[in-house]
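An overview of the molecular structure
Chain by chain, the residues run as shown.
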Amino acid sequence: MSKRDYYEVLGVSKDASERDIKKAYKRLAMKYHPDRTAGNADLEAKFKEVKEAYEVLTDSQKRQMYDQYGHAAFDQNGGGHGGFGGGQGDFGDIFGDVFGDIFGGGGRRQSRQQRGADLRYNMDLSLEEAVRGKEVEIKVPTWVSCSPCDGSGAKAGSKPKTCTTCHGAGQVQMRQGFFAVQQTCPTCQGTGSIISDPCNKCHGQGRVEKTKTLNVKIPAGVDTGDRIRLSGEGEAGLHGAPAGDLYVQVAVREHPIFTRDGNNLYCEVPISFSTAALGGEIEVPTLDGRANLKIPAESQTGKMFRMRGKGVKSVRSGAVGDLICKVVLETPVNLNERQKELLKEFEESMGGENSKNRPKAQGFFDGVKKFFDDLTK
């Protein structure tokens, strides 16, 4: 009896992708597998046919030979399909390839040692501390490796024994119909070993609770959101597994004078009316101390002045930012009668709103006048 075309058996086209072939095989294998067909010889034969087609068409070399020579490429001594084996074979191996992504990677053993958890420590710093850097002592409650058993969980003088259920694999294979599903070993909980004589201090865990004291070096220039990683200072893993890491999360508190943006600092500096009009020199704060800032005559409120190199040194590039000072004109308060009289005299000397001494006011009121003139047209 002549064999059916392999593409026809799987119900796919000759240019079908490997993914399409696997998808078709999965559907047909579930339909015709002997575990589901209760000894029906015809359906068993169909399953063998499907499996044979799958084995050829998912092998690039065999598929190329089949496309060129058909079934004759695999006939030896009057029939058969030598070179890749006939019959039902190991169904679990084929399904391990098709369903590996669903059931744990086709039977590959997973790592039995589970790394300890990472920890996070929130650290608040002042702006000065963040800019200059410092060394801080912190206390962290965590799990550490048990000293008496050296993290093994077994009492001194004894050793963990290989689990007899999973034979050290940490996983067992469970049959569900025709599926082979991997699960964590219920006897050893995935560790692959059994502790028959547990340590008295850690009770077989290999770790104990402890508050660790650590010195953390905060590098100069850190900012809110930066993290400092301390490798191996997180929780110790069970039964001697490696420890996780500790992450110190930095948050910089608000400053009463300065606002930080990247490597630059900003501050508002109040100036008097006379200094703004006549110019002068004022004293401004910096993180390094006091500094003098020259104010040119006729400076307007809100004007920005840049003091180069007075900002923050970057923790990454080493570049130093600037201090940007915004001058804000301060209106005098609590004036006495004489001061009020002088201000009135000064205002009269300015010549009103259209004075050349007040170019912004003149431009504004000219614009207002034009606006109302346009409304009346």
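Residues numbered from 1 in each chain as written. Predicted model: local features only at pLDDT ≥ 70, side-chain atom pairs only at ≥ 80, totals over all residues. Heavy atoms only, no water.

1. Let's talk about the UniProt feature "repeat: CXXCXGXG motif" (unreviewed entry) in the chain
As a reminder of what qualifies: UniProt positions are given in the numbering used here, feature names are shortened, and annotations may be inferred rather than shown by experiment. Only DSSP runs of H or I with at least four residues qualify as helices, and only runs of E with at least two residues qualify as strands; both kinds are numbered from the N terminus onward.
UniProt annotation of "repeat: CXXCXGXG motif" (unreviewed entry) refers to residues 146–153, 163–170, 185–192 and 199–206 when read in the numbering used here. Summarising residues 163–170: 0% helix, 0% strand, and an end-to-end C-alpha distance of 8 Å. The annotated region residues 199–206 carries 0% helix and 0% strand content, and the separation between its end C-alpha atoms amounts to 8 Å.

2. Regarding a nonpolar patch on the surface
Operational definition: Within the patch definition used here, like charges are joined within 9 Å and nonpolar side chains (Val, Leu, Ile, Met, Phe, Trp, Tyr) within 5 Å, considering only residues with over 30% relative accessible area and no salt bridge. Method for areas: the Shrake-Rupley scheme with a 1.4 Å probe, in which residue coverage is limited to the protein chains shown. Any Lys or Arg side-chain nitrogen found within 4 Å of a carboxyl oxygen on Asp or Glu counts as a salt bridge.
Residues Phe273, Leu329 and Phe346 make up a contiguous nonpolar surface patch of about 260 Å² in total accessible area. Here Phe346 is to be found in helix α9 (residues 337–349).

3. So, the pattern of salt bridges
Per the stated rule, a full pass over the model turns up 19 salt bridges. Members of the salt-bridge network, linked through shared partners, are Arg115, Asp118, Arg229 and Asp245.

4. Remarks on helix α5 (residues 60–69)
So the rule is basically this: Here the term buried applies to any residue with accessible area under 20% of the maximum for its type, exposed to any over 50%, and partly exposed to those in between, with areas from a 1.4 Å probe on protein chains only. In this description, one arc is meant: the one made by directions from the helix axis to the C-beta atoms. Contacts are assigned to residue pairs with any non-hydrogen atoms lying within 4.5 Å of each other. Whenever two N or O atoms come within 3.5 Å, that pair is a polar contact, provided that in protein one can donate a hydrogen and the other can accept it, and provided that, for residues adjacent in sequence, both atoms are side-chain atoms.
Where α5 is concerned, the buried positions are Lys62, Arg63 and Tyr66. Along the axis of α5, the buried residues cluster in a sector spanning 100 degrees; they form a single face. More than 90 degrees from the buried face of α5, the exposed residues found are Ser60, Gln61, Gln64, Gln68 and Tyr69. In this structure, the buried side of α5 is in contact with α1 (6–10), α2 (18–32) and α4 (41–57). Its side-chain oxygen 3.0 Å from the backbone nitrogen of Gln61, Asp59 forms the N-cap of α5. Two residues or fewer after α5 comes Gly70, characterised by a positive phi angle close to 70 degrees.

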